[in-house]
Amino acid sequence: MLRIPFLAMLTAVLAAAVCFAAPVEPSAQYPLGVELARSWTSPEQRQRLLEQLNALRAAHGLGMLRAQPALQEAAQAHADFMSLHQQVGHGQRRGMEGFSGERPLQRARAAGYPVDAGHRVVELFVIGHSDGEGALAHLLSGPYHRHHLLWAAAQEVGIGLSVQPGLVLSLGAPSDATPGATPPAQWLLWPAPDARQVPAMACCERPRPMGLEEFGTPVSVQGPAGQRLQVQRFELLDAQGERVVTHLLQADSDAALAQSPHVAYLLPPQPLRGGQRYTVELDARAGGERLTRRWHFETAP
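Predicted, not measured: the structure shown is a model, and the values here were computed from it.

**Student:** What exactly am I supposed to notice about the overall build of the protein chain here?
**Tutor:** Of regular secondary structure, the protein chain possesses 7 helices and 18 strands. Roughly 12,900 Å² of accessible area belongs to the protein chain as shown, and the carbon and sulfur atoms make up 51% of that amount.

This is the structure we're talking about:
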C-alpha cells in the first residue's frame, strides 16, 4: 500500500478532468533545489513513475499501461504550461506563452493522438510532490481521481514532469479497448480488503468535495464500466462497530462524478483514526450483477 507523507498532503494540489474540471487557480510555490529538480524531471524518473503506476494497477487486477508519444507530448506541454505560469487547472488560454490547447482533449488532438477515431483521454495532475510514490498516493486519496487512475479501459499514458514540481498524467483508451493479458477487474474496492497503512486523511482535492479542504480518506467501489451503479447499502464502521459519519458521493448527486455513474465514494468529513481497524459493508448492483461484501482495512498510525 502506498503511503502519503502527512505534510506533503497538506500542501499538494491535485485535479482530474474528463468533461468536468475545476477552474484555473494560482499555484503555491514549492521550490526545488537544482539537483532534485533535475532528478524529478529526468527520463529515469518518468520510467520509474510508469513502473510504479503499473505496479499499482496490477495490484488491483488492471492491465498495464504503455507509454504513448502523443500523450507524452500533451502531458509534458501542460506540465510546462502550469509551471511557467505558476497556476493549476486543466484549462489553458489561447495566446498565453506555451499554449497547446484549451482542454485536455484538444491538447491530445494537437499532439497527434487520434481522439477523432474514438480514443478517449483523461488528464490528471498533482502539484507539490517531488517523489512518484507520494504523487500517486495523493491521486489515490481523492474521490475524483482514484477511479481515473484505476481506469480499467486505459491502455496508454503520457507522463509530464515539471520543476513546479508537477506531475501530469494523460491516460488514453480506444473506445473499443480490449482487455490485455491481465483482465480488468469488474468490481474494484478501495481500500482493498485487508489493506494496511491506509492514510487516515486526505486533502487538497479540486474541486473540493462537499466544500471540504481536508477530510477522511474515502472508501470507494467501482462497478463494471458502462453500467450505472446502484447502492443499496454502503457503510463504514469503526473498530467498535459504530457507524462512521460519511457522505455518499455518486453521479446523480455530485457534478464532479457526472461522467462516472459506475463509481461511488463514502466520504468521511473528519479524518479517520490512526492505527484503527475499519469495516466496510456494501450491497450494490450494476446492470444484472450484484455485489454484497464485508471487508476490513487498517489505517496508518
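Structure shown, so let's carry the discussion forward.
**Student:** Please clarify how helix 6 (residues 132-141) should be interpreted in this entry.
**Tutor:** For an α-helix the count is 3.6 residues per turn, leaving residues at separations of three or four pointing the same way. Counting buried residues along helix 6, 9 of its 10 residues qualify, which places the element largely inside the surrounding structure. Taken residue by residue, helix 6 has Gly132, Gly134, Ala135, Leu136, Ala137, His138, Leu139, Leu140 and Ser141 as its buried positions.

**Student:** Explain helix 5 (residues 104-111) here, please?
**Tutor:** Within the span of helix 5, buried status applies to Pro104, Arg107, Ala108 and Ala111. Looking straight down helix 5, one finds that the buried residues subtend no more than 100° of arc, so they occupy a single side. Gly112 lies just past helix 5 and shows a positive phi near 105°.

**Student:** Looking at this model, I keep getting lost on the pattern of salt bridges. Mind explaining?
**Tutor:** Opposite charge on two side chains allows them to pair when their charged atoms are near. Applying the stated rule across the entire model yields 12 salt bridges. In this structure, Arg94 engages Glu102 in a salt bridge whose closest nitrogen and oxygen atoms are separated by 3.9 Å. Across the pair Arg233 and Glu281 runs a salt bridge whose closest N-O atoms are separated by 2.4 Å. Of this pair, Arg233 sits in strand 14 (residues 229-237) while Glu281 sits in strand 17 (residues 277-286), and the two are 48 residues apart along the sequence. Classification of Arg233 as partly exposed rests on a relative accessible area of 38%. On the basis of relative accessibility, which here comes to 10%, the residue Glu281 falls in the buried class. One connected set of salt bridges, linked through shared partners, spans Arg233, Glu235, Arg243, Glu281 and Arg294.

**Student:** Sorry if this is basic, but what is going on with the pairing of strand 5 (residues 120-127) here?
**Tutor:** Walk down a regular strand and you will see the side chains alternate between the two sheet faces. The element strand 5 is extensively covered by neighbouring structure, given that 7 of its 8 residues are classed as buried. Bridge analysis of strand 5 against strand 7 (residues 166-173) gives 8 bridges, and the strand direction is antiparallel. Within strand 7, the position partnered with Glu123 by the bridge is Ser170.

**Student:** Explanation requested: the environment of Leu71 in the structure shown.
**Tutor:** Among the structural elements, Leu71 can be located in helix 4 (residues 69-85). Under the relative-accessibility criterion, Leu71 is labelled buried at 0%. Sequence separation between Leu71 and Val157 is 86 residues; the distance between their C-alpha atoms is 6.1 Å. Every residue in contact with Leu71, bar those within four places of it in the chain, is listed here: Ala108, Tyr113, Val121, Glu156, Val157, Gly158, Ser170, Leu171 and Gly172.

**Student:** Is there a simple way to think about the sheet that holds strand 8 (residues 188-190) in this case?
**Tutor:** The strands making up a sheet associate through backbone hydrogen bonding, with each pair oriented either parallel or antiparallel. One open sheet accounts for 4 strands, arranged 8-13-16-15; its pairing is antiparallel. The sheet is open, and its two edges are formed by strand 8 and strand 15 (247-249), each paired on a single side. Pairs of neighbouring strands in the sheet enclose a mean axial angle of 10°, with direction left out of account. With 3 bridges connecting them, strand 15 and strand 16 (residues 263-267) associate as antiparallel partners. Bridged to Leu248 within strand 16 is Leu266.

Conventions adopted
Residues numbered from 1 in each chain as written. Predicted model: local features only at pLDDT ≥ 70, side-chain atom pairs only at ≥ 80, totals over all residues. Heavy atoms only, no water. Helix = DSSP H or I, 4+ residues; strand = E, 2+ residues; numbered from the N terminus. Areas by Shrake-Rupley, 256 points an atom, 1.4 Å probe, with all protein chains shown as cover. Buried < 20%, exposed > 50% of the residue type's maximum accessible area, 1.4 Å probe, protein only. Arc of directions from axis to C-beta. Salt bridge = Lys/Arg side-chain N within 4 Å of Asp/Glu carboxyl O. Pairing = 2+ DSSP bridges. Contact = heavy atoms within 4.5 Å. Axes fitted to C-alpha atoms, helices over the stretch in contact; angles between N-to-C directions.

Any functional reading would require information that these geometric values do not contain.
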